[in-house]
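A structural walkthrough
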Amino acid sequence: MPSIVGPIKIVNVGGGVVNFGDSFYVSPKDTAKTYSGSGSFNTGDFINTNNGLNSTNTNDEDFADQLLKNNA
């Protein structure tokens, strides 16, 4: 069934699906790996983080964490 969509403005889409009209099957897929050091994801006001010598272990022993191939 057709649909009529009026004027739109999309400012930002981060890793999502924008669909207008009819759809049979929508299955968005995404995968990511993030390495972060000590105190890097702190949020808030007046953060004081005191870190000495630190290192982030980025060794990955397995072949793949999440496969997107043939994943319907």
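The sections below set out a description of the structure shown in this document. None of the values given here were measured: they were computed from a predicted structure.

1. Concerning the overall build of the protein chain
- Counting secondary structure elements, the protein chain contains 0 helices and 0 strands.
- Residues counted as buried form 0% of the 72 residues belonging to the protein chain.
- A separation of at least 24 residues holds for 34% of the contacts in the protein chain among residues at least 6 apart in sequence.
- With an accessible surface of roughly 7,100 Å², the protein chain has 51% of that area assigned to carbon and sulfur atoms.

2. Some remarks on the environment of Asp-65
- Of the residues examined, Asp-65 reaches a relative accessible area of 51% and is grouped as exposed.
- In this structure the C-alpha to C-alpha distance between Asp-65 and Ala-32, which are 33 residues apart in sequence, comes to 9.4 Å.
- Not counting residues up to four positions away in its chain, the partners in contact with Asp-65 are Lys-33 and Asp-60.

Cut-offs and rules
Residues numbered from 1 in each chain as written. Predicted model: local features only at pLDDT ≥ 70, side-chain atom pairs only at ≥ 80, totals over all residues. Heavy atoms only, no water. Helix = DSSP H or I, 4+ residues; strand = E, 2+ residues; numbered from the N terminus. Buried < 20%, exposed > 50% of the residue type's maximum accessible area, 1.4 Å probe, protein only. Contact = heavy atoms within 4.5 Å. Areas by Shrake-Rupley, 256 points an atom, 1.4 Å probe, with all protein chains shown as cover.

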